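# Results of the structural survey
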Amino acid sequence: MMDILRNLTIAEVTAWVVVVALNAYVLFGGADFGGGVWDLFASGPRRERQRALVAQAIGPIWEANHVWLIVVVVLLFVCFPIAFSGLATILHIPLSLMLIGIVLRGSAFVFRAYSYGPRAEQRRWGLVFAVSSLITPIVLGICVGAVVSGTVGEALAKIDPGPGFPLGGLPPSRNAAAPPDWTFASLYVQPWLSPFSVAVGVMTLALFSFLAAVYLTVEAEGDPELQHDFQQRALVASGAALATAVVTLIIGAAGGGVMERLVGTGWSLPLLAASTIAAGGAIVALVRRRYRLARLAAAAQVTLILWGWALAQFPLIVPPSLTIDASAAPSRVLAQTLAVLAGGAAVLVPSLWYLLKVFKSRGSAVAHPD
Amino acid sequence: MSDLLAARSQMAMSLAFHIIFSVIGIGLPLLMVIAEWRWMRTGDSLYLELAKRWAKGAAILFAVGAVSGTVLSFELGLLWPNFMRFAGPIIGMPFSLEGFAFFTEAIFLGLYLYGWDRIGRRAHLFSGVVVALSGVLSGIFVVMANAWMNTPAGFTIVDGQAVDVRPFAAMANPAAFSQTLHMTLAAYAATGFGVAGIHAIMILRGQTNAFHRRALAIALAVGAPASLLQPLSGDVSARVVAETQPAKLAALEGQFATERGAPLRIGGWPDVERRETRWALEIPYGLSLLAFHDPNAEVKGLDSVPREDWPPVAIVHVAFQIMVALGTYMALVSLWAAWRAWRGRSSTALAEDRRLLRALALATPMGFIAIEAGWTVTEVGRQPWVVQGIVRTADAVTPMPGLVVPFLVFTVLYVLLGAIVVYMMRQHIARVPGEPSGDGTRREAPAR
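Quick notes on the rules
Residues numbered from 1 in each chain as written. Chains lettered and ligands numbered in written order. Predicted model: local features only at pLDDT ≥ 70, side-chain atom pairs only at ≥ 80, totals over all residues. Heavy atoms only, no water. Helix = DSSP H or I, 4+ residues; strand = E, 2+ residues; numbered from the N terminus. Buried < 20%, exposed > 50% of the residue type's maximum accessible area, 1.4 Å probe, protein only. Contact = heavy atoms within 4.5 Å. Buried area = accessible area lost by both parts, 1.4 Å probe. Salt bridge = Lys/Arg side-chain N within 4 Å of Asp/Glu carboxyl O. Polar contact = N/O pair within 3.5 Å; in protein donor to acceptor, adjacent residues only side chain to side chain. Nonpolar A, V, L, I, M, F, W, Y, C, P; charged D, E, K, R; others polar.

Residue and element names in this part refer to chain B. Among the structural elements, Pro399 can be located in the loop between α13 (393-396) and α14 (404-429). For Pro399, a relative accessible area of 19% corresponds to the buried category. Placed 245 residues apart in sequence, Pro399 and Gly154 show a C-alpha to C-alpha distance of 28 Å.

Encoded structure:
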C-alpha cells in the first residue's frame, strides 16, 4: 500500500480523485435512488407518511447529489479520454438505459412535487419516480460489473488500435473498427450482460436501498413509528446486500482476474474484512436504535466496498490491459484540472456544508407534513 | 437512415430540447430574484407571489435541464467517442468549470426553494442571486466549449497529433467572447419576452389586475434591454465568423462568389445548382459593410472552399434569416415598450396600450424560435466538420450500428418531457393568485 502511494503518477492521483467523486455520488446520489425504492415499497398503515418522509428527505438535496455523477463523467472525458470513449462505445446500450432512468427519475420527482393536478396524477408521477429509481442503480451496477470483469476491455481491444493509439491523435477511420468475427451482440451486448455484472447490479441496488433506509431512520427522528419502519427496511436491505455480495464474490472468483485479486492476498483482505465489520456494526447499531452510529457504519461499509474495487483494479482503468497512465490526457491538462478542482472545492465545500446544515442538522427535520 | 444521420439527429434533438430548458433555467432565476428584491423593498405581497411562482418554474426547468444536460454529457461519448477522444482534454476546462457552476447552482437552488422558512431573508435573496449567477456562468462555459469547435485553439497539430495542449488558451478561443455574449443575451431576451407575452395575453383576456402588470414590467425589464443589445452582439459575432469561418458566413448570407462590395441579401433561396441566391432583397455593399465595416471589403464566397466542404447552404441561410427577422421584431417592440414606459412615467402604462400588448403576445415564442434558428446556423453552418477544419463529423461517430433505435427512443422521451413541461408551466405561470395550490406549496411558510 505504501509503495503505491510513493510512486503515484499525476494520472493516478487524478484517477483517485475520480474515485472520491464516485464515492460521493454513491453515498449521496445512491441513497436518493434508494429513497425512490422505499417509495415504491412503501407499505403498511404508515405508507403515505413513509413516502412523505422520502420526498422531504431528498427534495432539497437530490439535485446537488446528482451533480457528483456529472463531475465523474466530466473528469473521465477530460482526464481519461481513451477510457471514456471506449466505455461509451461498448457500454452504449446500458448507459443509454441508465440515462433514460435518470431522466425519468429526476423529472418525475419534480413533476410530482410541483403538480397542481389531481391526486391520481401525482400518484402516477410517484410511480414513475419509484420504478426508475429501482432500475437505474441496477444498470449502473451492471456497467461497473462489466468493467471490473474485464469483458468490456476485451471487447474494446477488438475495435481499438490499442495502447499504441497516439494520445490525442486524430480519430481512426471507422472501418478499422471491424474485427473479423464481428457480431453486434459480441461487441455491444455480451460484454455487459453476464451473470457477474447482473449480480453487481443487484448488489448495487441492495446497497443503495440499505443506505437510504439507514439515512431515513435518522431523518425520522422524533417519529418512533417511522423510525421503526425504516429500521426494519434497513435490516432487510442489509441482509440482501450481504447475500448479493456473497453471490457476486463467488461468481467473480470463478471468473478470475480482478475478483481473484480482490479475494486473494495482500491489502485487499483487510479492506474486505473492514467492510464486513462495518456491515456488522451497522446491523448492531440498527438493532440497538443507535441510528446516527448506524448511518456512519453504513456509509463506511459502502465506501470500503468501492475502494476495495478501486484498489483491486489499480493501476488499470479498463481491465484487463488499459492502464490509467496509458489512457490519460497530457499531464499539463491533468495538473490544470486538478488545480481547478482544488479551487472549486474551496467554494463548493462550504456551500455543501451550509446546505446540509440547513436541511439535515439535528432538529432541522420537520415532522411529516399535514 | 444512416448511422451518421441518426447520430446527428439524436444530438440535434437532445440539444434542441436542452437549449430551451436551460435558457429558461437561466432567465427565470433573474426574474425571480428581481421580484423577491422588489418584495423586500416595497413589502408588496404580489411581488412575493411572483417570486415564488417563478421559483417553481425555475425548479422544474432546472431539474429537467439538469437531467437533459446529463444525457448530453454522456451522448458526447455515446455518439461521438472519437471526437471526445481527440477533444476531451483540449476543451475539458470549460466543462470542469461548468461542473462547479452547476454544482453551486444546485446547492443554492435547494436552499432557495426549500429555505423560505429556514434561512433569513437576506440569506434567501443571496441564494437566489447565486442561482441566477451560477446559471448564467454554466451557460457561458458550455458555449465556450462549443465556440472551440468553431474556432479551435490551444493545441498544435504535429504529424496528425494534437500536442502542446493548453486548456486555458483553448477556452479563450476566438469565438468564445462573441458566442457567449450572444447566447447569454438570447437567454434573457427569450425568457423575458416569453414571460411578458404570457402576461400580456392574460391582460388582453381581461385580467387587468396588478399581479399581471407587475409581472409584465419585470419580464420586460429583463427582456427588452437584452433584445436591444442583441443586434450589436450579432454584429460582433458576424465579424468573428467572417474572419474565422468564411464558409459559414457565405452559407448564412447566400454568398456563392467571392467579391468586393458584397451586397446584403435579405430573404431569398440559395440555389446550389446555379450557385446563386434567388429572389433576395439585395442591399448594395451591405454585407461588406456589416462583416468588415468597410463597403469595399472582400467577402469570401462558397467558391473559396472545396465543394465537399460546403455546409448545407439553404438550411443555414433560411435559419439565419429567421433568426434575424425575429430578433429585429423583438428589438423594435422593446423600443416601443421603452418609449411607452418613459412617456407614461410608470411601468403600469405598458399594460394600458392594447396594441403593444398584442405585439408582445405575438412575440411570446419568438425568442425561443430565434434561439433554435441561431443554433442551427452555428451547428449546421460548421458541417461537414465537428471541429472546424480538423475533425470531420463522419469520422467522429461511434462504430456501433443501429443508431436509429436510440434516436427514436430518446425522441419519444424528450417529446413527452417537453409536453409535460409545457403543461406544468401553464399550471404555474398562468394561474391567478388565490386559486388553490397543490402539494408543492405546502412546505412554504407565510412570509415573515
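There is more to say, and it comes next.
Attention shifts here to the interface of chain B and chain A. Of the residues lining the interface, 80 residues belong to chain B; the matching set on chain A comes to 81 residues. For the pair chain B and chain A, the summed buried area comes to about 7400 Å², and 73% of that belongs to carbon and sulfur atoms. If you sort the residues of chain B by the area they bury against chain A, Phe74, Arg85 and Phe103 of chain B come out on top, with a joint share of 12%. Summed over the shared surface of chain B and chain A, the number is 1 salt bridge. Inspection of the chain B/chain A interface yields 7 residue pairs in polar contact (both at pLDDT 80 or more). When contributions to the side of chain B that touches chain A are tallied by element, the ones reaching two or more residues are α2 (45-79), α3 (81-114), β2 (161-163), α5 (167-171), α13 and α14 of chain B. When its residues are assigned to classes, the side of chain B that touches chain A shows 51 nonpolar, 20 polar and 9 charged.

Moving on, we get to the pattern of salt bridges. A full pass over the atoms with the stated rule returns 19 salt bridges over all chains. Notably, a salt bridge pairs Arg214 of chain B with Asp44 of chain B, separated by 2.6 Å at the nearest N-O pair. One end of the pair, Arg214 of chain B, is in helix α7 (residues 210-244); the other, Asp44 of chain B, is in the loop between α1 (3-42) and α2, with 170 residues separating them in the sequence. Judged by its relative accessible area of 24%, Arg214 of chain B falls in the partly exposed class. When its relative accessible area of 18% is taken as the criterion, Asp44 of chain B is described as buried. Between Arg239 of chain B and Asp235 of chain B there is a salt bridge, and its shortest N-O distance comes to 3.6 Å. Residue Arg239 of chain B and its partner Asp235 of chain B are both found in helix α7; the two are separated by 4 residues, about one turn of the helix. In this structure, a network of salt bridges that share partners links the residues Asp39, Glu48, Arg51 and Arg112 of chain A.

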